[in-house]
Each structure stands twice: as structure tokens, then as C-alpha cells.
Amino acid sequence: MNNNQQIYYPNKEKPLSDLKRIGFIGLGIMGKPMAKNLIKAGFDLQVHSRSNGPVKELVALGANETNTPAECAENMDAVITMLPDGPDSENVILGDKGVLSGSKKGAIIIDMSSIAPAISQKIASSCESIEVEFLDAPVSGGEPGAIEGTLAIMVGGKQAVFDFSQDVFEALGSSYVLCGNYGAGNTTKLANQIIVATNIAAVGEAFVLAKKAGLDPEKVFNAIKGGLAGSNVLNAKGPMMISGKFNPGFRIKLHNKDIRNSMLTGSNLGVSLPITSLVQQIIVSLVNEGKGELDHSAIANFVEKINDQSIS
């Protein structure tokens, strides 16, 4: 196996390395449970976020509150950022009073945000210029995976830095893979998001077809989930479509960002993504209808609307 494609499955009894003090920035729907899992795993945490409520919640569990990203990075062995998009990562890490300005030499910045690979490469270059290490490490698994510590983590960066950071990844995920150099983690995440979005759209079409034919979508779901059509996406998102309840685990507006980054990266590489392009149009139409805050399983709403047939 190539050294840049190693996969690790956690051993929860493995002792912590010297990487013990962690700054964590971005306590949203994913970041807050991830930070909690780091505290549970024995790391010393200090946190920063735009929302005060999650900060206070983490402080009650033993974390230290900080006022700026730079302050959150001071004297830390590593800083994790979990932010909505590339401009946020750039601003928080490279901006005025950003993480990089407060980081000590040899510290590791682990950006677990899902962003364009080119931005990860830009951030990595700035980090290297002042002898700070960098990993781009986006995740898959949604809010349930963040809560349970079972995220799939896709990493780009140096082998040695990846190896040194494994205790952090073990606290957060059920698997973690070094996919290549800087930006490789986010390129892998884009591939993941293409598969998830197109799969959700296909499940929505299948259920609308079944319902229009007079079948019970739940029975169809139970009949096919154990066959070749079965998938984690079907198991997680099918019941939401059937119930018509789309409380967000991963919002449509965030998947819109990921698909936009997929199309941009494809354009930069000269890669045609025709199926992804069709799904992008569906997602954009839903965002324009004001459905961006719904779970991405509501991609099925588009198919329901054009066929005048609800699944639930």
C-alpha cells in the first residue's frame, strides 16, 4: 500500500502522544460534538466560536474560552478549525488575529472544514513559510458521526504530521486515511459529496416512482436495502424522505457549497462532471426556494414537486 494512502482504524486503548493541548475553533452542528469528544479523550482544550452558547457549554465541560483565533492558538500543540467554507478558513487561519499569527513553530493546524482544495494548498503554503505544520482533514458522517466519534476523516498533508496526529483522529473518527499531499483530503471529500448528492437524488426519484405506482415507499425501502441498491445513504436518508421530516443533520446549503467546489475543481482540472452538474441545478433551485436549511435528504423535494407526488 502506498504510504500516502494508509488507512487506520482506532484502538481506543492506545495512549495519547505528546500532542495534548488543542485549540478548537468553530463550534457549530459538527464542531461542538467533536470538541466534546476531544475532552472525553483527555485532551486539554481551549475554544473559540462566533456563537457564545456552545462556548459556554464547552467551558462547563472543562475547556478554556478565548477571544480570538490567535489567542486560541497560543501555546497549543495543535489547532483544529471546523468552519463553513473556504473564505472562513482563510480568514480564521490567515487573517488579522488569525490562528497562524498565534501559533508556535512546530504546531499543527488541522483544518477539518470542507473547502476547495486550492484554498487548503494556499493555507498550507503560508503555514510552511513560518514552520507551522498543516493538514486538511474534512470529514463525512454528519452530526450523528460527530456525536458518536465515528467520522470518516480524509486527510491531506505530510506523512509524519499525519502519524503524529493520529490520537486526535482516533478521538473523532472510526477511520482516517492519508489520501495524499495538501488538498488531497478536500479533493477526496468532494468525491464523497458527489456520490452522496447523486445517491440522494436517485433515492428520491425511486421513492416517487414507487409512490406514484401505488406502493408503500417504506415497504420498497425494506425490500431493497439489503440488496445491491442498499447503501449508508439509503439507510440514513430514506426514512427521512418517507416520514417527510427533514431536520438537518447536514444542510442543503452546505451541500450546495460542496457541489459548487466540486464543479470549480473539475473546471480547473478539465474534468467534465455532467451528472454532478444536473444535481447542482436541483440543489440551487431548492436553495432559491428557501429550503437551504433543511437536511440534504430534502433534495427529494425537487422530484416530488415536478411530479406533483409526495413520498410521505
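Residues numbered from 1 in each chain as written. Predicted model: local features only at pLDDT ≥ 70, side-chain atom pairs only at ≥ 80, totals over all residues. Heavy atoms only, no water.

1. Here we look at the packing of helix α10 (residues 184-212) against helix α14 (residues 274-288)
And then number 1: Running from amino to carboxyl end, α10 crosses α14 at an angle of 65 degrees, the nearest separation of the two axes being 10 Å. One element, α10, and the other, α14, form an angle in the roughly perpendicular class. As α10 packs across α14, the resulting crossing turns out to be left-handed. Seen from α10, the contacting residues are I194, A197, T198 and A201; seen from α14, they are I275, T276, V279 and I283. (Axes fitted to C-alpha atoms, helices over the stretch in contact; angles between N-to-C directions. Helix = DSSP H or I, 4+ residues; strand = E, 2+ residues; numbered from the N terminus. Parallel < 35°, antiparallel > 145°, perpendicular 65-115°, else oblique. Left-handed = near helix turned anticlockwise from the far one by under 90°. Contact = heavy atoms within 4.5 Å.)

2. A look at the environment of F169
And then number 1: Tracing the sequence through the fold places F169 in helix α9 (residues 166-172).
And then number 2: C-alpha separation for the pair F169 and L100, spaced 69 residues apart in sequence, amounts to 21 Å.
And then number 3: Apart from residues lying up to four places away in sequence, F169 is in contact with I110, M112, L135, A137, I153, V155, F162 and Y176.

3. Some words on helix α12 (residues 232-243)
And then number 1: The end-to-end C-alpha distance of α12, which contains twelve residues, comes to 18 Å, matching closely the 16 Å that a straight helix rising 1.5 Å per residue would cover.
And then number 2: For α12, the elements touching its buried residues are α10, α11 (217-224) and α15 (300-307). (Expected span 1.5 Å × (residues − 1).)

4. A closer look at the layout of surface pockets
And then number 1: Estimated volume of the largest pocket: approximately 1,300 Å³.
And then number 2: Contributing to the lining of the largest pocket are 47 residues, with M30, G142, E143, G249 and F250 lying nearest its centre.
And then number 3: Among the secondary structure elements, those contributing two or more residues to the lining of the largest pocket are α4 (86-94), β8 (139-140), α7 (142-148), α10, α12 and α13 (252-269).
And then number 4: A per-class count over the lining of the largest pocket returns 18 nonpolar, 19 polar and ten charged. (1 Å grid on protein atoms, 1.4 Å probe; cavity = no way out; pocket = protein on both sides within 12 Å on 5 of 7 lines; lining within 4 Å. Points joined across faces, edges and corners; volume = space filled by probe spheres on them. Nonpolar A, V, L, I, M, F, W, Y, C, P; charged D, E, K, R; others polar.)

5. Topic: the packing of aromatic side chains
And then number 1: Applying the stated criterion to the full structure yields four aromatic pairs.
And then number 2: Summarising the aromatic geometry, the rings of F162 and F169 are spaced 5.9 Å apart at their centres and angled 35 degrees between planes, so their arrangement reads as tilted.
And then number 3: Its relative accessible area of 0% is what places F169 among the buried residues.
And then number 4: Connected via pairs of aromatic rings, a cluster forms that spans F162, F169 and Y176. (Phe/Tyr/Trp six-rings, centres within 6.5 Å; stacked < 30°, edge-to-face > 60°. Buried < 20%, exposed > 50% of the residue type's maximum accessible area, 1.4 Å probe, protein only.)

6. Some words on the pairing of strand β3 (residues 44-48)
And then number 1: Of all five residues in β3, four are buried, a share of seventy percent or more.
And then number 2: In the sheet, strand β2 (residues 21-25) pairs with β3 via five bridges, with the strands oriented parallel. Pairing of R21 across the sheet is with D44, part of β3.
And then number 3: Handedness of the crossover joining β2 and β3 through helix α1 (residues 31-40): right-handed.
And then number 4: Two elements, β3 and strand β4 (residues 64-65), share two bridges in a ladder whose sense is parallel. Paired with Q46 across the strands is N64, a residue of β4.
And then number 5: Once you follow β3 into helix α2 (residues 52-60) and on to β4, the crossover reads as right-handed. (Pairing = 2+ DSSP bridges. Right-handed = clockwise from strand over helix to strand, strands pointing away.)

7. Let's talk about the side chain of T276
And then number 1: Its location among the elements puts T276 in helix α14.
And then number 2: For T276, a relative accessible area of 4% gives the class buried.
And then number 3: Once residues within four sequence positions are removed from consideration, T276 is found in contact with I194, I259 and M263.

8. Regarding the side chain of H48
And then number 1: Take H48: it is sitting in strand β3.
And then number 2: With a relative accessible area of 15%, H48 lands in the buried category.
And then number 3: Engagement of the side chain of H48 in a polar contact is seen with the backbone oxygen of T66, the distance being 3.2 Å.
And then number 4: Residues contacting H48, with those up to four places away along its chain left out, are F24, I25, G26, L27, T66, N67, T68, P69 and C72. (Polar contact = N/O pair within 3.5 Å; in protein donor to acceptor, adjacent residues only side chain to side chain.)

9. Points about the packing of α4 against helix α6 (residues 117-129)
And then number 1: Running from amino to carboxyl end, α4 crosses α6 at an angle of 10 degrees, the nearest separation of the two axes being 10 Å. One element, α4, and the other, α6, form an angle in the roughly parallel class. Packed against α4, whose contacting residues are G86, P87, S89, E90, I93 and L94, the element α6 presents I119, K122, I123 and S126 at the interface.
And then number 2: For the contact of α4 with α6, the class distribution of residues is five nonpolar, three polar and two charged.

10. A look at the pairing of strand β9 (residues 151-156)
And then number 1: Within β9, five of the six residues are buried, leaving the element largely enclosed by the surrounding structure.
And then number 2: In this structure, β8 lies alongside β9, joined through two bridges in antiparallel fashion. By the bridge assignment for β9, V139 is matched with I153.
And then number 3: Note that β9 and strand β10 (residues 173-180) share six bridges and pair parallel. Pairing of I153 across the sheet is with Y176, part of β10.

11. Some points on the state of the cysteines
And then number 1: Taken as a whole, this structure holds zero disulfides when the rule is applied.
And then number 2: The thiol sulfur of C72 is not disulfide-bonded, and the nearest other cysteine sulfur, from C127, lies at 15 Å. (Disulfide = S-S within 2.5 Å.)

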